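The lines below spell out each chain.
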Amino acid sequence: MRFVVQRVREASVSVEQQVIGQIGHGLLVFVGVADSDDRQIADKMIDKLSKLRNKNTSSKDFRQLVRELAMFEGYEATRDLALEDVKVETPICTADCKQVAGKKMVIVPILRAGLGMVDGLQELMPSTFVGHVGMYRDPETHEPHEYYAKLPDSIDQRDVLVVDPMAVAPIQYLRKQGVKNIKLMVLVAAPEGIEAVLEADPDVRIYTCSIDEGLNERAYIVPGLGDAGDRIFGTL
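These numbers were taken from a predicted model, which means no experiment stands behind them.

Trainee: Help me out: how do you make sense of the pattern of salt bridges in this one?
Mentor: Oppositely charged side chains are able to pair whenever their charged atoms sit close together. Applying the stated criterion to the full structure yields ten salt bridges. Across the salt bridge formed by Asp80 and Lys183, the nearest N and O atoms sit 2.5 Å from each other. One end of the pair, Asp80, is in the loop between helix H2 (59-77) and strand S4 (83-89); the other, Lys183, is in strand S11 (residues 182-185), with 103 residues separating them in the sequence. Between Arg112 and Asp230 there is a salt bridge, with the nearest N and O atoms lying 2.6 Å from each other. Of the two residues, Arg112 sits in the loop between strand S6 (106-111) and helix H3 (115-124) while Asp230 sits in helix H6 (residues 228-233), which places them 118 residues apart along the sequence.

Structure, rendered in structure tokens:
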């Protein structure tokens, strides 16, 4: 699977162009733009995202769609993992193969909604470790705050993939734990959220299936998905 993206140098994110956009020193990766060879995959992602947005989609179907989109997106987010040579004994002979080098990646879902993306990613990468970070949004300022964290040992020596359907990220908390390489994988994002993350930490790479219009007065993404956690767990 190869997602084709346009690389541009500009100060803001273009919703129409569907790009990898430069914001300061930060990098945004828009997943889902494909060449003709991958058109069927791109069409499937577009179709699944449309169903995910639909307010009439059941919790069961919403969970399945989140899982499937996370797996598709995970291919792009793990494209640059380093490989190393390894010899493997097949039933026939010894073969020269390759495997992912270094320590296992850590997936860090943001509670609750990020949990819905873990299964799809672990289907793609079964040996990954999983940490958890709980966050809540201040009802007045809409600023995110951490309230819980449980992370694997030696996380400071591992690549970390933070996952949340709608771009709430404990980047500074993870930096304090010594994490050097952080990727943020979301399903939809608002330009305001992208800019806030990359202005605070330009070394984070953000992966998203959609750049939406913006935020409303309640800091919900428009058109967005609604409350992804409630929709995943049926607590509407």
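Having seen the structure, we can now continue with the description.
Trainee: Help me understand the pairing of strand S9 (residues 144-150), please; the structure alone is not making it clear to me.
Mentor: Regular strands show a simple pattern: their side chains alternate between the two faces of the sheet. Alignment of strand S8 (residues 132-137) against S9, held across six bridges, turns out to be antiparallel. Across the sheet, residue Met135 finds its bridge partner in S9, namely Glu146. Counting the residues between successive antiparallel strands, the hairpin from S8 to S9 contains six residues, one of them, His142, with a positive phi of roughly 65°.

Trainee: Is there a simple way to explain the nonpolar core in this structure?
Mentor: As a rule of thumb, soluble globular proteins bury nonpolar side chains together. One finds Leu52, Leu121 and Met185 to be the most contacted residues of the largest nonpolar core, which totals 30 residues. Top element by residues in this core is H2. It accounts for seven residues. With residues near it in sequence (within four places) discarded, Leu121 still touches Ala70, Gly74, Ile107, Leu161, Val163 and Met185. Grouped together as the second largest cluster of nonpolar side chains are 23 residues, Val108, Ile182, Ile194 and Leu198 included.

Scoring rules and cut-offs
- Residues numbered from 1 in each chain as written.
- Predicted model: local features only at pLDDT ≥ 70, side-chain atom pairs only at ≥ 80, totals over all residues.
- Heavy atoms only, no water.
- Salt bridge = Lys/Arg side-chain N within 4 Å of Asp/Glu carboxyl O.
- Helix = DSSP H or I, 4+ residues; strand = E, 2+ residues; numbered from the N terminus.
- Pairing = 2+ DSSP bridges.
- Core = buried A, V, L, I, M, F, W, Y, C linked by side-chain atoms within 4.5 Å.
- Buried < 20%, exposed > 50% of the residue type's maximum accessible area, 1.4 Å probe, protein only.
- Contact = heavy atoms within 4.5 Å.

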